[in-house]
Amino acid sequence: MTQRLYYADAYCITFSAHVVQRLTYADKPAVVLDRTCFYPTGGGQPCDRGWLYPLPNLSPVVEVVDVIASEDDGNVLHLLSEALPADDVEGRVDWARRFDHMQQHTGQHILSQAFLRAADAETVSFHLGTESVTIDLNGPHLSPAQVEQAEALANEVVFGNQPVRARFVSAGELATLPLRRQPQVNGAIRVVAIGDFDVTPCGGTHVAHTGEVGLIKVIGLDKRGEETRIEFRCGRRALADYGHKNQMVNQVAAMLSTGHGELDRAVQRLQAEARQLRHELRAAQERLMAYEAAELWTDAETVGGLTIVRHVFSQRDPAHLRQLATHLIAHPKTVALLGLAGPKSQLVFARSEDVTADMVVALKAACRVLGTESGGGRPHFAQGGGPAATETQIAGALERAQQAINNTDER
Ligand SMILES: [Zn+2]
C-alpha cells in the first residue's frame, strides 16, 4: 500500500520514491510508488498534479496528469504524460494547485460547521471544481439572513487564526469526538479538527491555521428540491472573484456616469426610461401606420368599384403588414394584397366585409407562383409565404392574386 505523505504534512511537496508497479491506465503509462505526496481525487477534492524527475539525472521530467486511489489495495496510481525512464524518482507537487485546494477545502469545513450552527443545515455533499466550489445543504428554506449569519461566523473563525490539526484516531477515541458527520470509510479514521469549532472525518489536505483560508465568500444560492446549493469562494479564488466583480462594477458605473453606490438607482432609471420610450414608439408607429395606410389607399387603383391596394415591401416586420392590412380594410369595397420580399417572404391578403372574393383562394394562387403551399386563413383575411423571394417575384405573386380575384367577378 502506498505511503501517503500528505496525511502527515500538507505543506511537503517534494519527496523521493521508488517505483513498485508499472501499468497502463486509460491509455496512459502509470506508476505506483512506495510513497507519495500526490493527493488522489476523492472526498470532493480533485487530485494534485505535478512532476516526477528520474534519478539520478533529474531528466527527462515526466508530468503527473492524474492521480487515482485504487479501491482494491489502497495504492495510489500516478498517470503520466509519458513513460518514466527510471525506477527511482524525485516527485514535486504543483504547489499553486495544492494550496488552492487546501484553502477551498478548509474553508468548506468551516462554512459547513457555520451553516450547522447558524441555520441547523447539514452539508450533504461538497464539490470542488476548476472554477466553482459548492456545498449542498439539506434544507430548502434558507433565508438570506441565515446565509449572512453563517458567512459572518465562518469568517470570524478565519480571522481567529485557529489551528487546524489532522490525525488518525482509534475507534474508542472517535466515539468521544463531537463529529460534524459520521465517517464514510472503514478502517483507520483520520479526523480534521479546526480549533474547537469543528471536528470531521476527512482524508483531504488542509491549511495549518484558519487565517490561511484568507476569506470565505458565499456568492450564490440555488434551491434544488429538498436541498440548497451554496456556491462560495475561499482565499485566492475569493480575491479573484472580488477583482473581477470590482472591475465590472467600475466599468458599468463609468458607462452610466455614476458612483458604484448609485448603480441600482441608475439602472432603475434606465429601465423606466426604456419602458416609456417603448410606449411612445408604439404610439408613434401606430400614427405613422395610419398615414401610410391612408396614402396607400389613395394611390391604389380602382377596378370595377373595388379599390385594390397592391404593394411590395422589403425589410419590414411581418406584423406591420398585418396591421397595415387591418387599417386598409376599414375602408369599404377594399382589397389589400401586401407582400414582403426577402429571405423569408410573406403575403398578407385582406378584404373589407362588403367584398365577397375569397382571400384564401387568392393566396393559394399567389403561393403557387412562389412555389410554396404554406399559408391559409379565412375568406376575409389570409396569410402565407416562407421561401426567399425577390421584389419582382413577390410583385408577380400579387398580380396573380389580383387575377384570381378579378375572375371571381366581384362586379
Ligand atoms: Zn474534508
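Let us look at the structure shown here. Remember, it's a predicted structure, so these values are computed and weren't measured experimentally.

So, on to the overall build of the protein. The helix and strand tally for the protein stands at eight helices and 21 strands. Taken over the C-alpha trace, the protein has a radius of gyration of 37 Å; the compact-globule value for 411 residues is 22 Å, which it surpasses by more than 25%. Referenced to the eigenvectors of the C-alpha coordinate spread, the extents of the protein come out at roughly 105 × 50 × 40 Å. Expressed as a percentage of the 411 residues in the protein, the buried residues total 43%. Considering only contacts within the protein whose residues lie at least 6 apart along the sequence, 62% involve residues at least 24 apart. The positive charge centre, built from 39 side chains, and the negative charge centre, built from 49, are 3 Å apart in the protein.

Core analysis: the biggest nonpolar cluster contains 33 residues, and Ile110, Leu111, Phe115, Ile216 and Phe232 have the highest contact counts within it. For this core, the secondary structure elements donating two or more residues are helix 1 (95-119), strand 9 (123-128), strand 10 (133-138), helix 2 (144-159), strand 12 (189-194), strand 14 (216-224) and strand 15 (227-234). Apart from the residues within four sequence positions on either side, isoleucine 216 is in contact with Gly107, Ile110, Leu111, Glu151, Ala154, Asn155, Val158, Phe232, Arg233 and Cys234. Counting 23 residues, the second-largest nonpolar core is a separate cluster that includes Ala341, Met359, Ala397 and Ile405.

Take the coordination of the zinc ion next. On the protein side, the zinc ion has His105 (NE2), His109 (NE2) and Cys202 (SG) as donor atoms, found 2.0 to 2.3 Å from it. In the primary sequence, the donor residues of the zinc ion line up as H-x3-H-x92-C. With histidine 105 in helix 1 and cysteine 202 in the loop between strand 13 (198-201) and strand 14, the pair connects residues that are 97 residues apart, well separated along the chain. Of the two residues, histidine 105 and cysteine 202, both sit in the buried class.

Calculation criteria
Residues numbered from 1 in each chain as written. Predicted model: local features only at pLDDT ≥ 70, side-chain atom pairs only at ≥ 80, totals over all residues. Heavy atoms only, no water. Helix = DSSP H or I, 4+ residues; strand = E, 2+ residues; numbered from the N terminus. Rg over C-alpha atoms; globule rule 2.2 N^0.38 Å. Buried < 20%, exposed > 50% of the residue type's maximum accessible area, 1.4 Å probe, protein only. Contact = heavy atoms within 4.5 Å. Lys, Arg positive; Asp, Glu negative; His and termini not counted. Charge placed at Lys NZ, Arg CZ, Asp CG, Glu CD. Core = buried A, V, L, I, M, F, W, Y, C linked by side-chain atoms within 4.5 Å. Donors = N, O, S within 2.8 Å, 3.2 Å for Na, K, Ca; no water.

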